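Secondary and tertiary structure notes
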Amino acid sequence: MSLKNKVAIVTGGERGIGRATVELLLTKGMRICIAGIDTESANRTVKELDAGENLFFVETDVCIEESVKSMCQEVIARYGRIDAMVANAGIAEPPSVPVEELELSDWDLVIRTNLTGCFLCAKHSFPELRKQHGSMVLISSIRALQSMRDTVHYSASKGGVISLTHSLALGGAPEIRVNCISPGWIHNGDHDEFPERYHREQLVGRVGKGSDIAGMVGYLLSEKAEFITGQNFIIDGGITTKMYYCHLEEEGEDLDSIDAD
């Protein structure tokens, strides 16, 4: 079994991890719908990748059920099937603020985009995925496992994605496999290079690239992963294995004086 001529939806496929995933899946012969809200970036991606009838864009707001439902219907109308759903769309905004200053509207926006969006993608792709014995991959974050100060909305949304993953895996079984990827620091190509110190933080000596995540997406969608479902894969260059005390050691602190339980 191969992915050739099978059909994938990649939400947020206009740029970053999503675009890298689209590029990889095209090399495997898949037909792909980019579903997102950045029309300019999406149209540029479709033009640059020049995949002909194997790639098209549907403007989709994953926060809105009718938008997701309509997009799935359009994919079926065009290609006749859905074999894979990659729920990648997400936001980190608004800016970090203490929880007592976080507006409910800002909390709702992040939760709706990052978590409810994944739910809606599952709801409206599952009937077709079940028929095709397909697969779904959700994109979470290592922030589901380690928090930064004043980002409760983002951490909560990404933690929810991991829980949603194993729940969907149960609900989709045995026809649909559902897995999750939690990326670490990924350079998405939309900003200047990371400072050198960011690269030094990583055990592998560099921050991640979109292709690092796309490779795992391709694997999880393939027949090579047919015995894998309900799992979360951390792809972070090893950063979550590194204790905070490593920073102190590098700065010459005496770690013997620290009670590090």
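Residues numbered from 1 in each chain as written. Predicted model: local features only at pLDDT ≥ 70, side-chain atom pairs only at ≥ 80, totals over all residues. Heavy atoms only, no water.

**Some remarks on the overall build of the protein chain**
Here is the rule: Put simply, DSSP H or I for four residues or longer makes a helix, DSSP E for two residues or longer makes a strand, and each gets a number counted from the N terminus. For the radius of gyration, the atoms used are the C-alpha atoms, and the globule rule reads 2.2 Å times the number of residues raised to 0.38. Residue burial is assigned from relative accessible area. The probe radius is 1.4 Å, only protein chains are included, and a residue is buried under 20% of its type maximum, exposed over 50%, and partly exposed in between. It only takes one pair of heavy atoms within 4.5 Å for two residues to be counted as in contact.
Helices and strands together make up the secondary structure of the protein chain, namely eight helices and nine strands. Taking 2.2 N^0.38 as the reference for a compact globule, 261 residues should give roughly 18 Å; the C-alpha atoms of the protein chain span a radius of gyration of 19 Å, in line with that estimate. Based on the C-alpha atoms only, the size of the protein chain along its principal axes is roughly 65 × 40 × 40 Å. When each of the 261 residues of the protein chain is scored for burial, the buried share is 48%. Within the protein chain, contacts between residues separated by at least 24 positions form 67% of all contacts whose residues are at least 6 apart in sequence.

**Describing the packing of helix H1 (residues 16-27) against helix H2 (residues 39-49)**
Going by this rule: Axis lines are fitted through C-alpha atoms, for helices just across the contact stretch, and the angle between N-to-C directions can take any value from 0 to 180 degrees. When describing relative orientation, an angle under 35 degrees is termed roughly parallel and one over 145 degrees roughly antiparallel, while 65 to 115 degrees is termed roughly perpendicular and anything else oblique. Two helices cross in a left-handed way if the nearer one is turned anticlockwise from the farther one by less than a right angle. They cross in a right-handed way if the turn is clockwise. Throughout, the ten residues Ala, Val, Leu, Ile, Met, Phe, Trp, Tyr, Cys and Pro are labelled nonpolar, Asp, Glu, Lys and Arg are labelled charged, and all others, Gly among them, are labelled polar.
Running from N to C, H1 and H2 cross one another at 30°; their axes reach a closest spacing of 12 Å. Taken together, the axis directions place H1 and H2 in an arrangement best described as roughly parallel. Where H1 crosses over H2, the handedness of that crossing is right-handed. Contacts from Arg-19, Val-22, Glu-23 and Leu-26 in H1 reach Thr-45, Glu-48 and Leu-49 in H2. Per-class residue counts for the contact of H1 with H2 are three nonpolar, one polar and three charged.

**Describing the packing of aromatic side chains**
The following threshold applies: Any two rings among Phe, Tyr and Trp, with Trp reduced to its six-membered ring, count as a pair given centres within 6.5 Å; such a pair is stacked if its planes are under 30 degrees apart, edge-to-face if over 60, and tilted if neither. Only lysine NZ and arginine CZ atoms are considered, and such an atom sits over a ring when it is within 6 Å of the ring centre and within 35 degrees of the ring normal.
Here the structure, examined in full by the defined rule, presents two aromatic pairs. Relative to Tyr-79, the ring of Phe-56 lies with its centre 5.6 Å away and its plane at 80°, an arrangement referred to as edge-to-face. Note that Phe-56 is positioned in strand E3 (residues 55-59) and Tyr-79 in helix H3 (residues 65-79), a separation of 23 residues in sequence. Each member of the pair Phe-56 and Tyr-79 is classed as buried. Sitting above the plane of the Phe-56 ring, Arg-78 keeps its charged end 4.2 Å from the centroid.

**Here we look at the pattern of salt bridges**
Here is the rule we go by: Criterion for a salt bridge: a side-chain nitrogen of Lys or Arg within 4 Å of a carboxyl oxygen of Asp or Glu.
Scanning the entire structure with this criterion turns up 11 salt bridges. As a salt-bridge pair, Arg-78 and Glu-53 come within 3.3 Å of each other at their nearest N and O atoms. Of this pair, Arg-78 sits in helix H3 while Glu-53 sits in the loop between H2 and E3, placing them 25 residues apart in sequence. Taking relative accessible area as the criterion, Arg-78 reaches 38% and is therefore assigned partly exposed. Accessibility expressed as a relative area gives 59% for Glu-53, which makes it exposed. In this structure, the salt-bridge partner of Arg-206 is Asp-212, at a minimum N-O distance of 2.9 Å. The exposure class assigned to Asp-212 is partly exposed, which follows from its relative accessible area of 28%.

**Describing the nonpolar core**
Here is the rule we go by: We define the nonpolar core as a collection of buried residues of types Ala, Val, Leu, Ile, Met, Phe, Trp, Tyr and Cys that are connected through side-chain atoms lying within 4.5 Å of one another.
Counting 32 residues, the largest nonpolar core has Ile-9, Met-71, Val-75, Met-136 and Leu-138 as the members making the most contacts within it. Residue contributions to this core peak at six residues, all from helix H4 (residues 104-132). Ignoring any residue separated from it by four or fewer positions in sequence, one finds Leu-138 in contact with Ala-87, Cys-118, Val-161, Leu-164, Thr-165, Leu-168, Val-178, Asn-179, Cys-180 and Ile-181.

**Structural notes on the sheet that holds strand E4 (residues 84-87)**
Two modes of strand pairing occur in sheets, parallel and antiparallel, and in both the strands are linked by backbone hydrogen bonds. Counted only if it meets this: At least two bridges found by DSSP between two strands is the condition for calling them paired.
Strand order in the open sheet made by the seven strands is E3-E2-E1-E4-E5-E6-E9, with parallel pairing throughout. Every other strand in the sheet has two partners, leaving E3 and strand E9 (232-235) as the edge strands with one partner each. Direction aside, the axes of adjacent strands within the sheet are offset by 20° on average. Bridge count for strand E2 (residues 31-36) against E3 is five bridges, and the pairing is parallel. Directly across from Ala-35, in E3, lies its bridge partner Val-58. Taken strand by strand, helix H5 (residues 152-172) contacts strand E5 (135-139), strand E6 (177-183) and E9, and its axis lies near 160° from that of E6. Its contacts with the sheet place helix H7 (residues 210-221) against E4, E5, E6 and E9, and it is angled at close to 170° to E6.

**Considerations on the confidence of the model for the protein chain**
The cut-off we apply is this: You can read pLDDT as the predictor saying how much it trusts each residue, on a scale of 0 to 100.
With 90% of its residues at a pLDDT of 70 or more, the protein chain shows a mean pLDDT of 91. Note on residues 254-261: pLDDT under 50 across the span, and seven contacts to partners over four residues away in sequence or across chains.

**Observations regarding the environment of His-199**
Along the chain, His-199 falls in helix H6 (residues 196-201). Once the C-alpha coordinates of His-199 and Gly-237 are considered, the two residues, 38 residues apart in sequence, prove to be 9.8 Å apart.

**Considerations on the packing of H1 against H7**
Relative to each other, H1 and H7 sit at 50°, their axes nearing to 8 Å. One finds that H1 runs oblique with respect to H7. Taken as a pair, H1 and H7 cross one another with a handedness that is right-handed. Judged by residue contacts, Ile-17, Ala-20, Thr-21, Leu-24 and Leu-25 of H1 engage Gly-210, Ser-211, Ile-213, Ala-214, Gly-215, Val-217, Gly-218 and Leu-221 from H7. Considering only residue class, the contact of H1 with H7 consists of eight nonpolar, five polar and no charged.

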